[in-house]
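Breakdown of the fold
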Number of protein chains: 2
Amino acid sequence: MPDNLFPRPEHDHGSCIEHAIGRAHEICAEKSVRLTALRESVLRVLLSSHKALGAYEIIERLQTDGRRLAPISVYRIIDVLLSAGLAHRLESKNAFFACLSEHDSANSMLVLVCDGCYRVAEAEAPDAWGAIKSVTQSSGFAVTETILEIQGTCADCRKTTRPAA
Amino acid sequence: MPDNLFPRPEHDHGSCIEHAIGRAHEICAEKSVRLTALRESVLRVLLSSHKALGAYEIIERLQTDGRRLAPISVYRIIDVLLSAGLAHRLESKNAFFACLSEHDSANSMLVLVCDGCYRVAEAEAPDAWGAIKSVTQSSGFAVTETILEIQGTCADCRKTTRPAA
DNA sequence: AGATGTCTGTAACAATATTGCATTATTCTG
DNA sequence: CAGAATAATGCAATATTGTTACAGACATCT
Ligand SMILES: [Zn+2]
Ligand SMILES: [Zn+2]
Ligand SMILES: [Zn+2]
Ligand SMILES: [Zn+2]
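Below, the structure is looked at part by part.

How each quantity is defined
Residues numbered from 1 in each chain as written. Chains lettered and ligands numbered in written order. Predicted model: local features only at pLDDT ≥ 70, side-chain atom pairs only at ≥ 80, totals over all residues. Heavy atoms only, no water. Near = heavy atom within 4 Å. Polar contact = N/O pair within 3.5 Å; in protein donor to acceptor, adjacent residues only side chain to side chain. Helix = DSSP H or I, 4+ residues; strand = E, 2+ residues; numbered from the N terminus. Nonpolar A, V, L, I, M, F, W, Y, C, P; charged D, E, K, R; others polar. Buried < 20%, exposed > 50% of the residue type's maximum accessible area, 1.4 Å probe, protein only. Pairing = 2+ DSSP bridges.

1. Description of the protein's contact with DNA strand D
DNA strand D sits among 15 residues. The nearest are Tyr56 and Tyr75 of chain A together with Arg34, Thr36 and Arg76 of chain B. The share of sugar and phosphate among atoms of DNA strand D within 4 Å of the protein is 52%. Contact distances for DNA strand D include 2.8 Å between a phosphate oxygen and a side-chain N or O atom of Arg89 of chain A. Contributing elements (two or more residues each) for the surface near DNA strand D: α4 (71–83) of chain A together with α2 (37–48) and α4 (71–83) of chain B. Considering each element in turn, the surface near DNA strand D owes the most residues, three residues, to α4 of chain B. Across the surface near DNA strand D, the residue classes break down as six nonpolar, three polar and six charged.

Structure (structure tokens):
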């Protein structure tokens with residue numbers, strides 16, 4: 001069995017986060033998007049676990065002292081992160097997760113969502129996309145966006161019975 | 001170019017509906033699900049167009065005289081239709097549509113959603129599912145559900161400029 | 001400093017979905 | 001058929017997710 005697409009529970013998650021933040025700054029520089037302190041802090045909340053979080057869950061985790069960000073603020077920041085490709089929306093859960101892969105355009109990717117540990121992972125799936133393309137093309141359907149989300153149980157959760165971190 | 005997966009705008013939609021209702025009664029009989037008058041009327045609302053409708057949109061279209069169904073009632077009925085396989089949820093739109101295909105288990109199907117006319121169509125995509133399976137299996141991920149929704153423009157809408165019915 | 005554009009704050013609200021409990025309809029049993 | 005059990009629907013309140021409109025703060029560029 002090849003490698004697990006989900007990070008090992010014992011991986012160095014700190015460097016996982018810092019690497020992603022570094023990449024995010026690079027990407028934003030390239031795209032002339034400003035990664036403000038607030039935007040970075042939202043991205044860090046998404047990066048803090050490998051899970052997808054709802055907008056209001058982000059708000060809760062973000063509140064320092066008594067100050068809560070307004071929903072609209074979070075949604076605006078999420079929009080920026082989404083269009084910069086730093087995060088993606090998990091349609092089946094109305095939630096959002098940080099992108100850790102190095103893909104441009106979501107094309108050719110699929111998303112795995114574990115029901116046990118709630119973690120999310122992206123994977124390359126060029127063959128699946130090829131097959132989809134042949135269905136759409138043969139029926140004259142012009143694709144603008146494809147949503148490919150798969151729910152199930154990750155290898156870690158299957159092994160340990162108890163959910164992984 | 002093979003056939004369009006969406007029904008032709010000039011198709012006999014009346015018999016389209018009645019055929020689906022007939023099938024629904026058969027399926028419910030097989031599965032010992034009661035297709036009550038209310039449930040059938042919700043299914044008819046979904047069948048009235050080839051579009052996906054939100055729960056509250058169903059409520060509006062369903063109201064006779066001044067009586068509106070409560071949200072909970074519609075959601076309960078939707079749940080029954082979903083588990084009987086008579087309708088499906090369109091995750092990317094928080095909406096629901098009637099199933100017109102003859103598939104058991106949503107496996108091997110994908111959903112096309114037209115941004116022009118808002119119609120929805122299901123298509124067989126065994127190759128795509130095969131490719132997905134090989135990705136998940138090789139990473140030890142046990143799939144329970146796959147969501148495969150494709151947005152774009154249907155052949156009718158591309159031809160006519162104006163959206164089809 | 002002043003003008004411009006982007007970012008964030010505040011308040012209200014809209015849209016989607018669920019919880020808990022009461023009532024009615026249907027089916028089952030005797 | 002009566003009565004009990006189960007399933008379906010009604011009703012009220014509430015939770016969750018997402019948006020509109022407008023004002024103030026901050027950065028950037030003359
Ligand atoms: Zn990590
Ligand atoms: Zn897991
Ligand atoms: Zn039709
Ligand atoms: Zn169309």
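2. Some thoughts on the pairing of strand β4 (residues 120–124) of chain A
Residues and elements named next belong to chain A. Of all the five residues making up β4, four are buried; the element is thus mostly covered by neighbouring parts of the structure. Of the pairings in the sheet, the one linking strand β3 (residues 109–114) to β4 comprises five bridges and is antiparallel in character. Bridge pairing links Leu112 to Ala121 in β4.

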